[in-house]
Amino acid sequence: MRVAFLGLSASGKTTLFNALTGAHQSVGSYSGAGTQIHIGRIPVEDDRLDLLRRAVKPAKVTPAVVEVVDTPHFAVGTREGPEGNARLVATLREATALALIVRAFASERVAHPRASVDPMRDLRDLQTELVVADLDVVEKRIDRIRKDYLKGNSAPNDPKELAVLDRVKTELDAGRSAASARLNSDELRMLSSYALLTLKPAMIVLNLDEGHLVGLSPRPWNGVHLGAPALEVDAEWEMEIHELPKEEWKSYLADMKIDQPCDRRFVSAIYGMMDFITFFTANENELRAWPLKRYSTAVEAAAAVHSDLARSFIRAEVIGVEDVKK
C-alpha cells in the first residue's frame, strides 16, 4: 500500500515524512526538499504479532507496512505550474491513495508561497490541480476514441468507454472529482488503466502549530465539510520527539493530550479510509502481516501474498487470532 503526499511548497510535507518514518531528510525553504522524491515505510504496529510470535516461534517476524512517498511540491498560481506538476503526476498515479498536506501554521522562518496562511484556500487549490490533471487525461482519451472511429479503427468496447468518459468529463468540467460520477465496478475497471487521481482514496493532513494543537488558537476548518477524512498533526513537533528514546515519548504526548504518535495515527487513518484489515501467514520460517480490503475472499488474500497462490488456489486453512489466544 503506497500513499503519496502532495502539497504546496512550505506545507511541511518533508517534515511530516521525517516524523512518520524516522528519516532525516533536509527540510526548509533552501534545502532542495521541494524538488526531490523520498520513499519510506511505516511498520503497522499490531499487538497480535507478539501473541502469534509466542505461539508459532518463527525465525522471522515481518509486520505489514504502509509505504509513503514525499513528492515535489505542487506549483499553483505560477508559470511553472503546468510543467512542474506534470513531472510529479505520474508518481501520484502509481499510488494506492493520496494524502493532501495542507499548511495551517504561521511561521516567520518559513514564508508561505501565497504570502498568507489559508488552509481552506490551499486545499481547494490542490483539489483543483487534481481535477485539471484528470481532465487532461480524459479529454485526450475521448479525442483518441473519436479519431479512431472516424478512421474506422474503433474497438468494440469504445462506445461504452466513451459514454463513461463523457460522464466523468461532465463532473470534472464542473470542478468535481471523477468519483462524483458514481461509477460501478465494471466502469471503474474500464478506466483503471488511466489511474485517475480523483478516483483514488484521499485524506487531508492539516499541519498545525502548537497553538492549534492544544486549543489555544481557533481552527478555521471546524464545522467545514472537507470532503475527505482529515488528520491533524504538528509535523515539526512530532519530528522532534521522534529523535527521543521511545520511553520518553509518552510523557511528551500526554502533555499535549495526544494518545499516540503521528505514525500510528496516520496508519490508523489510512486503514480506516481504505477499509483495510490485517491477516497473518505463519510457519516456523516467518510470521508475516498483510493488509487486505475488508470482505475480501480467501483467493484475494492469497493474491496479496503471491499471484501464483491465487492462480493455483485449492483451499485456505484459517484460524482466528482470538482462538489462538484461547
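All figures in this text were calculated on a predicted structure; none of them were measured in a lab. (Residues numbered from 1 in each chain as written. Predicted model: local features only at pLDDT ≥ 70, side-chain atom pairs only at ≥ 80, totals over all residues. Heavy atoms only, no water.)

K.L.:
I tried to follow the sheet that holds strand β9 (residues 286-293) on my own but got confused; where do I start?
P.N.:
Strand pairing in a sheet relies on backbone hydrogen bonds, with the paired strands running either antiparallel or parallel. The strand order across the open sheet built from 3 strands is β3-β9-β8, with neighbouring strands paired in mixed fashion. Because the sheet does not close on itself, it has two edges, and the strands there are β3 (60-62) and β8 (276-282). Direction aside, neighbouring strands of the sheet carry axes that sit 20 degrees apart on average. Note: β8 against β9, 7 bridges, orientation antiparallel. Opposite F279, over in β9, you have W290 as the bridge partner. Where helix α10 (residues 262-274) meets the sheet, it contacts β8 and β9, and its direction lies at approximately 105 degrees from that of β8. Packing against the sheet, helix α11 (residues 298-305) makes contact with β8 and β9, and its axis sits at approximately 120 degrees to β9. (Pairing = 2+ DSSP bridges. Helix = DSSP H or I, 4+ residues; strand = E, 2+ residues; numbered from the N terminus. Axes fitted to C-alpha atoms, helices over the stretch in contact; angles between N-to-C directions. Contact = heavy atoms within 4.5 Å.)

K.L.:
Explain the sheet that holds strand β5 (residues 97-103) here, please?
P.N.:
What the 6 strands build is an open sheet, ordered β2-β4-β1-β5-β6-β7; its pairing is mixed. In the strand order of this sheet, the two ends are held by β2 (38-43) and β7 (230-233), each with one partner. With strand direction ignored, the average angle separating the axes of adjacent strands in the sheet is 25 degrees. With 6 bridges connecting them, β2 and strand β4 (residues 65-70) associate as antiparallel partners. Counterpart to G40 in the pairing with β4 is V68. Packed onto the sheet, helix α1 (residues 13-21) meets β1 (2-7), β2, β4, β5, β6 (202-207) and β7 and runs at close to 35 degrees relative to β2.

K.L.:
I'm lost on unusual backbone geometry in this one. Help?
P.N.:
Leave glycine aside and you will find that most residues have negative phi; peptide bonds, for their part, are mostly trans. A positive phi angle, close to 65 degrees, is found at A10, a residue other than glycine. When you line up the elements, A10 lands in the loop between β1 and α1. Accessibility expressed as a relative area gives 24% for A10, which makes it partly exposed. At Y295, a residue that is not glycine, the phi angle is positive and equals roughly 70 degrees. Its location among the elements puts Y295 in the loop between β9 and α11. (Buried < 20%, exposed > 50% of the residue type's maximum accessible area, 1.4 Å probe, protein only.)

K.L.:
In this structure, what is going on with the environment of C262? I would like to understand it.
P.N.:
Tracing the backbone shows C262 in helix α10. Owing to a relative accessible area of 2%, C262 belongs among the buried residues under this scheme. Separated by 20 residues in the primary sequence, C262 and H242 place their C-alpha atoms 9.7 Å from one another. Residue contacts for C262: discarding those within four places in its chain leaves A19, L20, V233 and E238.

K.L.:
What is the right way to read the packing of aromatic side chains from this model?
P.N.:
Pairs of aromatic rings are described using the distance from one ring centre to the other and the angle between the two planes. For the structure shown, the criterion picks out 3 aromatic pairs. Ring geometry for Y271 against F276: centres 6.1 Å apart, planes inclined by 80 degrees, an arrangement best described as edge-to-face. Under the relative-accessibility criterion, Y271 is labelled buried at 11%. Look at F276 and you get buried, because its relative accessible area is 14%. Their ring planes at 20 degrees and their centres at 6.4 Å tell us that F279 and W290 sit as a pair that is stacked. Within this pair, whereas F279 is found in strand β8, its partner W290 is found in strand β9, the two being separated by 11 residues in sequence. The exposure classification of F279 matches that of W290, with both residues buried. (Phe/Tyr/Trp six-rings, centres within 6.5 Å; stacked < 30°, edge-to-face > 60°.)

K.L.:
What is the right way to look at the pairing of β6 in this model?
P.N.:
Here is the key point about a regular strand: its side chains alternate between the two faces of the sheet. The buried fraction of β6 is high, at 5 of 6 residues. Sheet analysis places β5 next to β6, joined by 6 bridges and oriented parallel. If you follow V102 over to β6, its bridge partner there is L206.

K.L.:
Please clarify how the pairing of β1 should be interpreted in this entry.
P.N.:
Counting buried positions over the 6 residues of β1 gives 5, a clear majority of the element. Relative to β4, β1 runs parallel, the two sharing 4 bridges. Opposite A4, over in β4, you have V69 as the bridge partner. For β1 and β5, the ladder comprises 5 bridges, and the chain directions are parallel. When the bridges of β5 are listed, A4 appears paired with L98.

K.L.:
Just checking my understanding: could you explain helix α2 (residues 47-56) for this structure?
P.N.:
Because the α-helix completes a turn every 3.6 residues, residues three or four places apart line up on one side. Turning to α2, its buried residues number three or more, namely L49, L51 and L52. End-on view of α2: buried residues confined to an arc of 160 degrees, all on one side of the axis. Among the residues trailing α2, K57 stands out with phi positive, at a value near 55 degrees. (Arc of directions from axis to C-beta.)

K.L.:
Looking at this model, I keep getting lost on the pattern of salt bridges. Mind explaining?
P.N.:
When charged atoms on two side chains of opposite charge get close, those side chains can pair. Evaluation of the coordinates by the stated rule reveals 23 salt bridges. Between D50 and R54 there is a salt bridge, with its nearest N and O atoms 3.3 Å apart. Of this pair, D50 and R54 both sit in helix α2, 4 residues apart, which is roughly one turn of the helix. With a relative accessible area of 36%, D50 lands in the partly exposed category. Of the residues examined, R54 reaches a relative accessible area of 47% and is grouped as partly exposed. (Salt bridge = Lys/Arg side-chain N within 4 Å of Asp/Glu carboxyl O.)

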